[in-house]
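# Overview (structure and organization)
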Amino acid sequence: MNVLLFSMPDSFEHTAPVAICIPNAALTSLAGNVDEHHRVAVADLVLAQGRVAETVDRWSASTSPT
């Protein structure tokens, strides 16, 4: 099974974007604990706030989630 996990583009950022940008650890933790027979991708939409629709389309096409 192909799984595609998205972080929400309007999620609360805990640090100032000028300092650092921390990836969504919850999603990467989930992805890392999925059975090895599955393929999991994580897309951080916080970084794509101005281009969410295009990013979702691109990731969906490239990963073919089922």
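Our subject is the structure that appears above.
The structure contained in this document is the topic of the report that follows. The shown structure was predicted, so the numbers you read here are calculated from the model rather than taken from an experiment. (Residues numbered from 1 in each chain as written. Predicted model: local features only at pLDDT ≥ 70, side-chain atom pairs only at ≥ 80, totals over all residues. Heavy atoms only, no water.)

Here we take up the environment of Leu 4. Here Leu 4 lies in strand β1 (residues 2-7). On the basis of relative accessibility, which here comes to 13%, the residue Leu 4 falls in the buried class. Setting aside anything within four residues of it in sequence, one finds Leu 4 in contact with Ala 41, Trp 59, Ser 60, Thr 63 and Pro 65. (Helix = DSSP H or I, 4+ residues; strand = E, 2+ residues; numbered from the N terminus. Buried < 20%, exposed > 50% of the residue type's maximum accessible area, 1.4 Å probe, protein only. Contact = heavy atoms within 4.5 Å.)

Note on placement: Thr 63 falls in helix α2 (residues 52-63). One polar contact links the side chain of Thr 63 to the main-chain carbonyl oxygen of Trp 59, over a distance of 2.7 Å. Among residues more than four places away in sequence, those in contact with Thr 63 are Asn 2, Leu 4, Arg 39 and Ala 41. (Polar contact = N/O pair within 3.5 Å; in protein donor to acceptor, adjacent residues only side chain to side chain.)

Moving on to α2. Here α2 contains 12 residues, and its C-alpha end-to-end distance of 16 Å stays within 8% of the 16 Å for a straight helix at 1.5 Å per residue. Remark: Ser 64 follows α2 within two positions and exhibits a positive phi of approximately 50 degrees. (Expected span 1.5 Å × (residues − 1).)

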